[in-house]
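Here is how the chains run, residue by residue.
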Amino acid sequence: MEQRLTDDERLTLKTGAFGAVFLVSNADPGMFAMIRESIAASGALNAASGVVKDALTTGPLPRLPRDSALEIESVVLPALGRAVDILRKKSPEDLAVYRDVVLAAADRVAEAHRGVGPAEAAVIDRIREALAEPA
């Protein structure tokens, strides 16, 4: 049974999803690449449905640190883990949708500019781990 998400919970889902895209994009930076990547990511994020679509398309944009990849990761990866917990408790039927959308967006961003490089693949692996069910 689906329960309504709080504003904080929706922001957590958004921080994880948008942050994952930002992490992959930063793994191989470049201004023109960034534009192409953001268009690729928005297509994947728009494919969301239900609670996930609502969380990703409403409310404020998340504030992500901009100083270092490590600092960004220290915010984004825990947000992805919290998003998994939130959805497992409140809307379990949307958990797979969230995982699929975040990973699809990350993959599209990586492929949008010269294909998936080693740095991008490593970031996507960390994102996948953050989205995994706890053992």
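Note that the structure is predicted; figures quoted are calculated from it, not measured.

Asker: Can you walk me through the overall build of the chain in this structure?
Answerer: Tallying secondary structure elements over the chain gives six helices and zero strands in all. Counting from the amino terminus, the chain carries its helices and strands in the arrangement α-α-α-α-α-α. Residues counted as buried form 46% of the 135 residues belonging to the chain. By sequence separation, contacts in the chain at least 24 residues apart represent 84% of the contacts at least 6 residues apart. Counting every atom, the chain has about 7,100 Å² of accessible surface; 58% of that belongs to carbon and sulfur.

Asker: Got a minute to help me understand the confidence of the model for the chain in this structure?
Answerer: Detailed reading of the predicted model is not advised wherever pLDDT is low. A residue-level look at the chain finds 87% of positions with pLDDT of 70 or above and a mean pLDDT of 85. Within the chain, helix H4 (residues 69-90) carries the highest mean pLDDT (94), whereas helix H2 (residues 31-46) carries the lowest (65).

Asker: How should I be thinking about the side chain of lysine 90 in this particular structure?
Answerer: One can find lysine 90 in helix H4. Assessed through its relative accessible area of 15%, lysine 90 is described here as buried.

Asker: Looking at this structure, I do not really get the nonpolar core. What am I missing?
Answerer: Burial of nonpolar side chains together is a common tendency in soluble globular proteins. Leu13, Val24, Leu80, Tyr98, Val102, Ile127 and Leu131 are the most contacted members of the largest nonpolar core, which has 39 residues in total. Of all elements in the fold, only helix H1 (7-27), H2, helix H3 (50-57), H4, helix H5 (95-112) and helix H6 (118-131) reach the threshold of two or more residues within this core. Here this core gets nine residues from one element, more than from any other, and that element is H5. Those residues in contact with leucine 80, other than ones at most four positions away along the chain, are Gly16, Ala17, Ala20, Tyr98, Val102, Ile127, Ala130 and Leu131.

Calculation notes
- Along every chain, residues carry numbers that run from 1 in the direction the sequence is written.
- Under the rules for a predicted model, residues below a pLDDT of 70 receive no local features and side-chain atom pairs below 80 are neither given nor counted, while totals for whole chains, interfaces and linings still include all residues.
- Excluded from the side-chain calculations are hydrogens and water; all other atoms, namely the structure's heavy atoms, are used.
- Helix and strand definitions here come from DSSP, where helices need a minimum of 4 consecutive H or I residues and strands a minimum of 2 consecutive E residues; each element is numbered from the N-terminal end.
- Throughout, exposure labels follow a simple rule: accessible area from a 1.4 Å probe, protein chains only, divided by the maximum for the residue type, with under 20% read as buried, over 50% as exposed, and the rest as partly exposed.
- Contact definition: two residues touch when any of their heavy atoms are within 4.5 Å.
- In these tables, accessible area is a Shrake-Rupley quantity obtained with a 1.4 Å probe, and a residue counts as shielded only by the protein chains included in the view.
- Every residue carries a pLDDT, the predictor's confidence in it, which falls somewhere between 0 and 100.
- For the purposes of this section, nonpolar cores are sets of buried Ala, Val, Leu, Ile, Met, Phe, Trp, Tyr and Cys residues that join through side-chain atoms within 4.5 Å.

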